[in-house]
Number of protein chains: 2
Amino acid sequence: MSYVAPVKDMLFCMKELAGLEEVAKLPGFEEAGLETAQAVLEESAKFNQDVLAPLNFEGDKNPSYWKDGKVFTTPGFKDAFRQLGEGGWQGLQHPTDFGGQGLPKTIGAACIEMLNSANMSFALCPLLTDGAIEALLTAGSPELQQTYLPNMISGKWTGTMNLTEPQAGSDLALVRTRAEPQPDGTYKIFGTKIFITYGEHDMAENIVHLVLARVTGAPEGVKGISLFVVPKFMVNADGSLGARNDAHCVSIEHKMGIKASPTAVLQFGDHGGAVGYLVGQENRGLEYMFIMMNAARYAVGIQGIAVAERSYQKAVQYAKDRVQSRPVDGSINKSAPIIHHPDVKRMLMTMRSLIEGCRAMAITAAAAYDAAHAHPDAEVRKQNQAFYEFMVPLVKGYSTEMSLEVTSLGVQVHGGMGFIEETGAAQYYRDAKILTIYEGTTAIQANDLVGRKTARDGGQTAKAIAQQIAKTEAELAKRDSVAARAVQKRLSAARVAFEQVVDFVAGGTKGNPNAVFAGSVPYLMLAGNVMAGWQLGRALLVAESQLKAGEGDAAFLRAKVTTAQFYAEHILSRVPGQRDAIVDGAESVTALALESF
Amino acid sequence: MSYVAPVKDMLFCMKELAGLEEVAKLPGFEEAGLETAQAVLEESAKFNQDVLAPLNFEGDKNPSYWKDGKVFTTPGFKDAFRQLGEGGWQGLQHPTDFGGQGLPKTIGAACIEMLNSANMSFALCPLLTDGAIEALLTAGSPELQQTYLPNMISGKWTGTMNLTEPQAGSDLALVRTRAEPQPDGTYKIFGTKIFITYGEHDMAENIVHLVLARVTGAPEGVKGISLFVVPKFMVNADGSLGARNDAHCVSIEHKMGIKASPTAVLQFGDHGGAVGYLVGQENRGLEYMFIMMNAARYAVGIQGIAVAERSYQKAVQYAKDRVQSRPVDGSINKSAPIIHHPDVKRMLMTMRSLIEGCRAMAITAAAAYDAAHAHPDAEVRKQNQAFYEFMVPLVKGYSTEMSLEVTSLGVQVHGGMGFIEETGAAQYYRDAKILTIYEGTTAIQANDLVGRKTARDGGQTAKAIAQQIAKTEAELAKRDSVAARAVQKRLSAARVAFEQVVDFVAGGTKGNPNAVFAGSVPYLMLAGNVMAGWQLGRALLVAESQLKAGEGDAAFLRAKVTTAQFYAEHILSRVPGQRDAIVDGAESVTALALESF
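Conventions used here
Residues numbered from 1 in each chain as written. Chains lettered and ligands numbered in written order. Predicted model: local features only at pLDDT ≥ 70, side-chain atom pairs only at ≥ 80, totals over all residues. Heavy atoms only, no water. Helix = DSSP H or I, 4+ residues; strand = E, 2+ residues; numbered from the N terminus. Rg over C-alpha atoms; globule rule 2.2 N^0.38 Å. Buried < 20%, exposed > 50% of the residue type's maximum accessible area, 1.4 Å probe, protein only. Contact = heavy atoms within 4.5 Å. Least-squares fit on C-alpha atoms with pLDDT ≥ 70 in both. Buried area = accessible area lost by both parts, 1.4 Å probe. Salt bridge = Lys/Arg side-chain N within 4 Å of Asp/Glu carboxyl O. Polar contact = N/O pair within 3.5 Å; in protein donor to acceptor, adjacent residues only side chain to side chain. UniProt positions renumbered as here; feature names shortened; annotations may be inferred. Phe/Tyr/Trp six-rings, centres within 6.5 Å; stacked < 30°, edge-to-face > 60°. Lys NZ or Arg CZ within 6 Å of the ring centre and 35° of its normal. Domains from an automatic or database assignment. Pairing = 2+ DSSP bridges. Expected span 1.5 Å × (residues − 1). Core = buried A, V, L, I, M, F, W, Y, C linked by side-chain atoms within 4.5 Å.

The secondary structure content of chain A amounts to 20 helices and 12 strands. Over its C-alpha trace chain A gives a radius of gyration of 24 Å, about what one expects of a compact globule, namely 25 Å for 597 residues. With the C-alpha coordinates of chain A rotated into their principal frame, the extents come out at 80 × 60 × 55 Å. Relative to its full complement of 597 residues, chain A shows a buried share of 65%. For chain A, long-range pairs separated by at least 24 residues make up 74% of all intrachain contacts whose partners lie at least 6 apart in sequence.

With that out of the way, let us pick up the relation of the copies chain A and chain B. A rotation about an axis combined with a shift along that same axis relates the two copies of the chain. By a simple turn and slide, chain A fits onto chain B: the slide is 0.0 Å along the axis, the RMSD is 0.0 Å, and the turn is 180°. Here the two chains are linked by the operation of a two-fold rotation axis. Comparing contact sets, 100% of the residues at the interface of chain A also lie at the interface in chain B, consistent with an isologous, same-surface contact.

Opposite the 89 residues of chain A that make contact, chain B presents 89 residues. In total, chain A and chain B occlude about 7600 Å² of area from one another, counting both sides; carbon and sulfur atoms represent 62% of this. In this structure, the connection of chain A to chain B is made through 6 salt bridges. With a shortest N-O distance of 3.3 Å, B:D580 and A:R490 are connected by a salt bridge. Remark: the boundary between chain A and chain B carries 40 residue pairs in polar contact (both at pLDDT 80 or more).

Now for the UniProt feature "domain: Acyl-CoA dehydrogenase/oxidase N-terminal" (unreviewed entry) in chain A. In the numbering used here, UniProt assigns the feature "domain: Acyl-CoA dehydrogenase/oxidase N-terminal" (unreviewed entry) to residues 39-156 of chain A. The span residues 39-156 of chain A carries 66% helix and 5% strand; its end-to-end C-alpha distance comes to 24 Å.

Now for unusual backbone geometry. Residue and element names in this part refer to chain A. Despite not being glycine, Y198 has its phi angle at roughly 50°, a positive value. Inspection of the secondary structure assignment puts Y198 in the loop between strand 5 (187-197) and strand 6 (206-215). Classification of Y198 as buried rests on a relative accessible area of 0%.

Tallying each qualifying case throughout the model produces 21 aromatic pairs over all chains. An angle of 25° between the planes, with centres 5.3 Å apart, marks the rings of A:Y65 and A:F72 as stacked. Each residue in the set A:F77, A:F81 and A:F122 is aromatic and connected to the rest through ring pairs, giving one cluster. One Lys or Arg, B:R244, reaches over the ring of B:F233 and ends 5.6 Å from the middle of that ring.

Under the feature "domain: Acyl-CoA dehydrogenase/oxidase C-terminal" (unreviewed entry), the UniProt entry names residues 283-449 of chain A. End C-alpha to end C-alpha, residues 283-449 of chain A measures 25 Å, and it is 73% helix and 0% strand.

To continue, consider the environment of B:I420. Tracing the chain through its elements places B:I420 in the loop between helix 11 (378-413) and helix 12 (425-432). Relative accessible area serves as the criterion here: at 5%, B:I420 is assigned to the buried category. If near-sequence neighbours (up to four positions away) are discounted, B:I420 is found in contact with A:F195, A:E253, A:H254 and A:K255.

As a further point, take the pattern of salt bridges. Residues and elements named next belong to chain B. A complete count under the given rule lists 64 salt bridges over all chains for this structure. The shortest N-O distance in the salt bridge between E499 and R495 comes to 3.1 Å. Pair noted here: E499 and R495 are both in helix 15 (residues 482-508), with a separation of 4 residues, about one helical turn. For the residue pair E499 and R495, the accessibility class agrees, reading buried in each case.

Under the domain assignment used here, chain A contains domain 1 (7-153), domain 2 (159-283) and domain 3 (454-589). Each of domain 2 of chain A and domain 3 of chain A was reduced to a C-alpha centroid, and the two centroids are 42 Å apart.

So, on to the pairing of strand 5 (residues 187-197) of chain B. All names here are of chain B. Here strand 5 lies mainly inside the structure; 8 of its 11 residues are buried. Direction of pairing for strand 4 (residues 178-181) relative to strand 5: antiparallel, over a ladder of 4 bridges. Paired with E180 across the bridge in strand 5 is K188. Between the end of strand 4 and the start of strand 5, which pair antiparallel, lie 5 residues, with G185 showing a positive phi angle near 90°. Here strand 5 runs beside strand 12 (residues 274-279); their pairing, made up of 3 bridges, is antiparallel. Following the sheet pairing, I189 is matched in strand 12 by A274. Across 5 bridges, strand 5 lies against strand 11 (residues 263-268) in antiparallel orientation. Along strand 11, the bridge assignment pairs T197 with T263.

Here helix 10 (residues 342-374) of chain B contains 33 residues, and its C-alpha end-to-end distance of 47 Å stays within 8% of the 48 Å for a straight helix at 1.5 Å per residue. Taking burial as the measure, the 33 residues of helix 10 of chain B include 32 buried ones, the bulk of the element.

Ranked by size, the top nonpolar core spans 386 residues in total, and within it A:L348, A:F498, A:Y523, B:L348, B:F498 and B:Y523 carry the most contacts. Setting aside its immediate chain neighbours within four residues, A:Y523 contacts A:F390, A:L449, A:V450, A:T454, A:F498, A:V501, A:V502, A:V505 and A:I582.

Two strands pair when backbone bridges link them, and strand 4 of chain B and strand 6 (residues 207-215) of chain B are joined in this way by 2 bridges, in the parallel orientation. Paired with B:A179 across the bridge in strand 6 of chain B is B:V215.

Residue and element names in this part refer to chain A. Looking at the element boundaries, K382 is found in helix 11 (residues 378-413). Take K382: its relative accessible area is 58%, and that puts it in the exposed class. C-alpha separation for the pair K382 and A368, spaced 14 residues apart in sequence, amounts to 10.0 Å.

The following block contains the structure:
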């Protein structure tokens, strides 16, 4: 089997770190307890391991291709997509009103991870559809919802996000696609959109494009952008498909990775205008798009964890199989599997601890999302919302940056074989590189972290989290194990560094924005590092307690303790240096004359 | 122009850091002063910029391919190879006795960098030939030398290194290829070699394979390995080419990068035995192979610098062209080229400072090589040899690991366009990943650093270098500039950390080898970081002095000061954390039970 879903670790994160039992007390999630979680995860594991995982390498070898305006996906994808819908996986987290399963994000996040470990190129299609569903649920009229949501949630139709244009990437103020109001209340859409994931394909009957455009006469900049539904095929009153809309795929990109996922250039309105339906109100498009983007950003963070996990599993397998050289400690007196070599262990532990740290961070953030949406107490909702929003750029930015490190090590463990495409390790390395770019580059996530998530409330949310970390440190300090002491030491130093950087960021955004933004990505990396390390510190506390009480799977728990210790000593130990670079090093970032580059 | 050779920085490194004027005092190098260096570099720049650089992307699109035992290289490669030979570039550093130019490595290293920036896939062919020439020069009989060297040095024939077999990668003890002695003094070679760079191609009339094999009855392990010359075509007594030898390419690999460079599987002896000529003495093959490998390892380090430089130049160009979003400091009141954004500057400065640091390290190491070979005083030779040998794993390991970071940032600066193959940034990212693997993975370099270069002399060489660094710190402390103070602070902390790690490594290899080797790669990264930072500290001293004296190119010198400061604040600042991980974190590297992975 090329992928085995880490169900045990996912359940541990849900139960012991994210408080799944608390989530299951929230109105609407009463049935989402541990038993449900376990059943769903096991079913999800089966589907992803058996159906999607074997198609991953195939998708890289036989990518989607474009011919005469149509896009043909990798053989097997269409059938897999049918099974995804039939299994109810597209509707997992969506409302039961429209046919979804209504499960909390705490559980959904783990299923999304599996989907992306199994086949990231494939998983992008349901990922984008999820975002489109979110936007319609929040801002779509009842009519739009009724027309589109049931078929999207059932996995019959797919959704897309149409933001980017050649001149408008991170800078949406530059969007030029225009929407002309029609007498019947619809709009005609004209323009070119690029980088549209699954903008055209053959897996679904219809594609629901969500498109940013400017209504005639709208203000300049981001305040004049509206959001439209532009279906590939018009939908008749009875729900059947009607005429082809004037939205056409003119080409797809030739990419370094995620090759099976078609990245389309879409032309809207070349033949008279594409019919579009306004979502919500005019000129509020960016706000709605952010709903999709925030869902998508979190999901891309999960993709980072997912591709890293797959890369790790492959590397472990190779390290156990490949025989080369004697262990340096003389424990084996002949050439041995390379996993016996300390540096191979170091690489695998680095991969493993980064993955487990990011997974713990992501699943605890998901629980906050659930509480922010479903908790009956407004104050609790607000606190959880603040926590979740703080975590989104970290889940997206840190987990994806770490996936570059992990998939690079994944190649490295394989030695020369890692560089040969048939081995498969290289695919993860190539695939992962998109993750730090799309749905907002790491720098865009860092701007969000600095501006909206830290400076805006004067660092209050960040400091509140630091307080919670200090409590974990206090718990760790009560333990007498070497591991707990090591984690306490590094976590404490890292948390202090985090607070110092928060002060620097919160204090400096107005006075010296260049200095603060020079350290924005390092701040994101530092904060993500601290948050992941914190969750592993919490995990260690639980694991030690259970081991002492003779509960649970001892081997799993001992591994958790070691992994937490490794993370603290080898990853958290990077934090003080990051602090130094941010706080002391701002000047040299921007000092070089432009012409000297 | 897609590549402009950084001649100014190369000459600065040679003159101000590596002491080119001293090199030019060595016997044999009397004409290799600054004037020669400048002339050679300018000529080299022309050839590489005009002829090789345009073929780089072409090679990625139209890689070498195999058909019926023959390998056809990218269109244009054959002619470029002819020009390489005619220009004398293959013979640059080789003895004039055999038709070479006899230039010092101090100058040669810069030319090798250019070659690899221009076209790494192409450059691998002369790189391997250089290694084969070195081995023949050191260990070949006069007859072998006379038969092969002139045509190799003139760039008419190429050379290969045949080490790896399917079961024998890093572990050469497992080599199985065998050599049967023949009555005429030749040997018949039988076996399979894999990963043979330019093992077959159409650019040269003949290919001189240097092959590791076991003579019948030789001892087990590495002590029974001998080295053979196995030419593709037999060479007649008059120097003309004779019969085809029984060495055939049965396939080439499908790789993630350096696609134009054919990586061959070679079958020796499938049709009765390949004729081989013993190099040197039986069973000393590994020793001779190390001559080739050490030359090749240094050159692979240069490849890291080279591909990073190319990636940097492309990223700078894009950052100056691409308009997106307003600068955070309000300095421009509309969307501006992204180089105005602090995080883009941070990425470019990271790339730039890593490149300049590694280049300075490599060129100073080259000067030590020259002194180690040509200095009349044995003691001076010995000291320089020790310094050079200490630096080789750092030049190889650190420069190539940094090339992964740099080429990843190179993609990142391009945003979504970076992931599109037509842009070209992705190629550098894919190409670079082989560099941390071939000619010994980073872990193999780190083993060398720990074992032969640090523990063997009890850390003496390392400590002697630390003493020199402390002298640079003292010089920096006399300066009153912000930049000098910043560099002094970080360099001093880093040097202290280096010494602590050296003590840890030198003290622990016997008592606790697992603990030491668990930190071997982190030690390599730390040491490389310190050495590069030290050279930039020296560069800063020179640049400030020249600026004060009103000498030199002020813009270049100011940029050097800023780059050194950036390196110290953002890269050297990683060192204390690396020390903590090595010295305190060994246990958690190897603690996990094997079955828990």
